[in-house]
Amino acid sequence: MSDLVYPLNIFYEEPDPDRWVPYDRYPRRIIRFFRYLVQKPPPPSGQRMVYLNLLKGLDRLDIPYRTNDFRHARHHPEELACVVGKPHVLDKYDWENPILFGASAFPHPIDCPNLFEEYPVERFLVPGAWKKKMCEPYYGEDRVTVWPVGIDTEEWRPQFSNSEKDDFILLYNKIHWYHDYFESTFIGPIREKIEQENIKIETLGYGSYRPSDLKDALRKCKAVVYLSEHETQGIAYQQMLASGVPIFVWDRGGYWQDPEYFPDRVRYRPVTSVPYWDERCGVKFENLTEFNDRFMAFWDRVLSGMFSPREYIVENLTLEKSAKHYVSIAEDIAEESSAEVTSIQ
């Protein structure tokens with residue numbers, strides 16, 4: 001390991017702004033503390049999972065790091081700062097350290113078009129290939145790097161074989177926008193088709209379950225129907241694959257659909273719901289017609305054991321592989337920054 005970047009200086013914070021009156025964030029923190037003494041805290045967001053899984057991977061590789069040590073960074077401006085997210089961390093103070101920023105950043109470069117001018121950011125990390133292509137016209141090809149976080153394949157592993165499960169399928173609903181419309185024209189008909197084939201359904205909605213709920217569903221279900229407009233990485237579906245459960249996934253393609261941006265501010269395509277995927281993982285469908293045409297062929301392959309989704313995750317997206325990739329990016333940036341300082345001197 002290069003001695004230029006160790007221990008890694010890693011930064012991640014959730015924003016905690018005042019909500020109703022100045023400084024009300026402080027009593028709200030106390031209230032949250034006591035509330036979590038009697039009830040479980042909410043599950044971590046996808047962005048926080050990026051940070052937590054990166055740390056897990058570094059731990060498994062015995063790579064040292066500091067977390068949120070702003071004092072150290074301030075006193076060692078020559079050292080690389082790895083700002084995983086969120087974006088407000090960039091404004092914590094006047095950074096002098098070279099920064100590796102992402103992948104828990106902002107949705108689109110128009111949110112911070114002068115990122116590389118306003119901050120000493122050396123590289124912008126994104127979770128997948130289509131997000132990189134979306135960002136390149138704004139930041140440049142060389143400044144945007146793909147880095148997906150790893151999946152904990154020990155935590156997410158098969159509990160039962162399909163022969164030990166009843167005929168259950170998990171209907172996983174991560175449709176963000178225009179939900180009433182999709183419920184009547186898309187989700188409802190999908191549910192009816194599955195029920196017509198005498199297959200029982202478990203249902204989970206994104207943001208309304210805990211990891212233990214997903215694990216319980218995966219122990220029971222032989223497959224997943226995964227509904228999401230698009231994914232920059234898709235940690236949840238990759239946890240499903242790591243658990244050995246194949247997916248019949250809606251991969252609509254087309255435009256990035258976030259109504260905060262589309263169609264007036266940003267028109268980018270194509271996107272995908274499964275940026276990390278091969279034929280071992282399952283089958284894709286684009287619309288309701290393809291769902292109806294392909295579902296039973298997919299289900300027959302599930303019953304025949306023809307998919308091996310965990311193999312794909314183990315080969316490509318483990319905690320260790322992801323952390324090693326992150327470290328290699330950090331080393332490259334640190335060495336480039338050191339070379340620039342040397343040339344100036």
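Read on for an overview of the structure. (Residues numbered from 1 in each chain as written. Predicted model: local features only at pLDDT ≥ 70, side-chain atom pairs only at ≥ 80, totals over all residues. Heavy atoms only, no water.)

### Remarks on the packing of aromatic side chains
Applying the stated rule across the entire model yields 31 aromatic pairs. Where Phe106 meets Phe124, the ring centres are 5.5 Å apart and the plane angle is 20 degrees; that geometry is what we call stacked. One end of the pair, Phe106, is in the loop between strand S4 (99-101) and helix H4 (115-118); the other, Phe124, is in strand S5 (residues 121-126), and 18 residues separate them in sequence. Exposure class is identical for Phe106 and Phe124. Each is buried. Where Phe291 meets Phe295, the ring centres are 5.2 Å apart and the plane angle is 20 degrees; that geometry is what we call stacked. With Phe291 and Phe295 both in helix H9 (residues 288-303) and four residues apart, the pair spans about one turn of that helix. The class for Phe291 is buried, based on a relative accessible area of 0%. Between Arg74 and the ring centre of Tyr93, over which it is positioned, the NZ or CZ distance is 4.5 Å. (Phe/Tyr/Trp six-rings, centres within 6.5 Å; stacked < 30°, edge-to-face > 60°. Helix = DSSP H or I, 4+ residues; strand = E, 2+ residues; numbered from the N terminus. Buried < 20%, exposed > 50% of the residue type's maximum accessible area, 1.4 Å probe, protein only. Lys NZ or Arg CZ within 6 Å of the ring centre and 35° of its normal.)

### Regarding the sheet that holds strand S8 (residues 200-205)
Taking strand neighbours across the sheet as the criterion, the five strands line up as S8-S7-S9-S10-S11 in an open arrangement whose pairing is parallel. Of all strands in the sheet, those bounded by a partner on one side alone are S8 and strand S11 (282-285). Geometrically, the sheet is characterised by an average inter-axis angle of 20 degrees between neighbouring strands, direction not taken into account. As judged from the six bridges shared by strand S7 (residues 168-173) and S8, these two strands associate in the parallel manner. Within S8, the position partnered with Leu170 by the bridge is Glu202. Contacts from helix H8 (residues 235-242) reach S7, strand S9 (223-227) and strand S10 (247-250) within the one sheet, and its direction differs from that of S9 by about 170 degrees. On the sheet, H9 packs against S7, S9, S10 and S11 and is oriented at approximately 175 degrees with respect to S11. (Pairing = 2+ DSSP bridges. Axes fitted to C-alpha atoms, helices over the stretch in contact; angles between N-to-C directions. Contact = heavy atoms within 4.5 Å.)

### What about H8?
Within H8, eight of the eight residues are buried, leaving the element largely enclosed by the surrounding structure. Within the span of H8, buried status applies to Ile235, Ala236, Tyr237, Gln238, Gln239, Met240, Leu241 and Ala242. On its buried face, H8 is in contact with helix H2 (46-60), S7, helix H7 (211-220), S9, S10 and helix H10 (309-316). Downstream of H8 by one or two residues, Gly244 has phi in the positive range, about 85 degrees.

### Digging into the side chain of Thr153
With respect to the helices and strands, Thr153 occurs in the loop between strand S6 (144-146) and S7. Judged by relative accessible area, Thr153 falls into the buried class, the value being 7%. Ignoring any residue separated from it by four or fewer positions in sequence, one finds Thr153 in contact with Ala242, Arg310, Ile313, Val314 and Thr318.

### Here we look at helix H6 (residues 179-196)
For the α-helix, the turn length of 3.6 residues means that residues three or four positions removed from each other point alike. The largest bend in H6 comes to about 35 degrees, at Ile187, with the proline Pro189 one to four residues further on. Along H6, the residues classified as buried are Phe182, Phe186, Ile187, Gly188, Ile190, Lys193 and Ile194. Residues of H6 that are buried in the fold lie against S7, S8, S9, S10, S11 and H9. Looking one or two residues beyond H6, the residue adopting positive phi is Asn198, at roughly 60 degrees. (Bend = angle between axes of the 7 residues up to and from the residue.)

### Some remarks on the pairing of S5
In terms of burial, S5 is largely enclosed, as five of its six residues are buried. Of the strand pairs in this sheet, S4 and S5 are connected by three bridges, and their pairing is parallel. Note that in S5 the partner of Leu100 across the bridge is Arg123. You can see the chain leave S5, run along helix H5 (residues 129-139) and come back into S6, and the turn it takes is right-handed. (Right-handed = clockwise from strand over helix to strand, strands pointing away.)

### Quick word on the environment of Pro259
Relative to the elements of secondary structure, Pro259 occurs in the loop between S10 and S11. Taking the C-alpha atoms as reference points, Pro259 and His176, separated by 83 residues in sequence, lie 10.0 Å from one another. Excluding residues within four positions of it along the chain, Pro259 makes contact with Trp177 and Tyr178.

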